[in-house]
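# Close look at the chain arrangement
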Amino acid sequence: MIYQLLITIYVLVVWNVQEFALQNQYTQILNLQIQNTIRRLSSQRKIKLKLVDIYCSAICDKIDSPGSWAAVLICGNAKKNIQGSFPRTNLNRLNLISIISSVGQLKEPCEVVIYFNSDYVFNSINNGDIIKWKQDNWKLKNGGLVQNEDIWRMLLIQIKAKKHKVKFRKVNIDDKNYLDSLKNAKIELSKYLENDIYS
């Protein structure tokens, strides 16, 4: 009797051990399947950003005078022209307005390349000045305020809010799209002056 009882206990122990091992193995397999499913769903959620090229231009003869800006936005086969004018402004400010107005047209996160012909904008970005200005609360070393602070702030807010990936490039002045933008700026300024809105 004792011998049979021991055998029975042994069989039960072995069976429970084997069942536990199988359950543990099944749990590991199930966890792997769940992790793989999560990875697959996460990869599916990664939406490829649209590629957008923007060609900006501005025209202004002197500081505190009438000026205009224009931009050509290109996404695939789609093209959009935008432009505007101001009664009293300057070239640096207009170039920035052209950029923020263009970025403001984008309704979803995009991979953007902005082309322009402005040493002021290019150097401020390429030399890291805009980052230093922000860190110094938009004040210069001499205590003065950064010029066009309001537009620089707006540009950074736009890029961050819409999660754009933006590259800034100095344009080839013979580029057709840039020339189209420049032509639109000239037309806009001509219309503005003809209407004598600023007087």
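Our subject is the structure that appears above.
Small disclaimer: the values here were computed from a predicted structure and weren't measured.

### Comments concerning the sheet that holds strand E4 (residues 110–116)
Read from one edge to the other, the open sheet built from 5 strands follows the order E3-E2-E1-E4-E5, with strand pairing classed as mixed. Taken across any chain shown, the strands that pair with only one partner, and hence form the sheet edges, are strand E3 (78–89) and strand E5 (165–170). If you compare each strand with its neighbour and ignore which way they point, the axes differ by 20 degrees on average. Bridging between E4 and E5 involves 6 bridges; their strand directions are parallel. Its bridge partner being in E5, Val112 is matched across the sheet by Val166.

### Quick look at the side chain of Ser57
Within the element layout of this structure, Ser57 appears in strand E1 (residues 50–60). Within the structure, the side chain of Ser57 is placed 2.7 Å from the side chain of Ser181, a separation counted as a polar contact. Looking at Ser57, its side chain comes within polar contact range of the main-chain nitrogen of Leu182, at 3.3 Å. Beyond its immediate stretch of four places on either side in the chain, Ser57 contacts Trp69, Ala70, Asn95, Ser98, Tyr178, Ser181, Leu182 and Ala185.

### Concerning the nonpolar core
One finds Ile54, Ile99, Ile114, Trp152 and Leu155 to be the most contacted residues of the largest nonpolar core, which totals 31 residues. Per-element tally for this core: the top contributor is helix H2 (residues 91–103), with 6 residues. Ignoring any residue separated from it by four or fewer positions in sequence, one finds Ile54 in contact with Ala71, Val72, Leu73, Ser102, Val103, Val112, Val113, Ile114 and Tyr115. One finds Ala70, Val72, Val171 and Tyr178 within the second-largest nonpolar core, a separate group that totals 10 residues.

Criteria and cut-off values
Per chain, residues are indexed from 1 in the order of the written sequence. Side-chain atom pairs in this predicted model are given and counted only at pLDDT of 80 or more, local residue features only at pLDDT of at least 70, and totals for whole chains, interfaces and linings cover all residues. Excluding hydrogens and water, the side-chain figures rest on all heavy atoms present in the structure. Two strands qualify as a pair provided DSSP detects at least 2 bridges between them. Runs of H or I in DSSP of at least four residues are treated as helices and runs of E of at least two as strands, each being numbered from the N terminus. Between N-to-C directions, angles span 0 to 180 degrees; the directions come from axes that are lines fitted to C-alpha atoms, helices contributing only their stretch in contact. A 3.5 Å cut-off defines polar contacts: any pair of N or O atoms within that distance qualifies, except that in protein one atom must be a possible hydrogen donor and the other a possible acceptor, and neighbouring residues in sequence count only when both atoms are side-chain atoms. A contact between two residues is defined here by any heavy atoms of the two lying within 4.5 Å. Here the nonpolar core consists of buried residues drawn from Ala, Val, Leu, Ile, Met, Phe, Trp, Tyr and Cys, with membership extended through side-chain atoms lying within 4.5 Å. Throughout this description, buried means an accessible area under 20% of the type-specific maximum (1.4 Å probe, protein chains only), exposed means over 50%, and partly exposed covers the range between.

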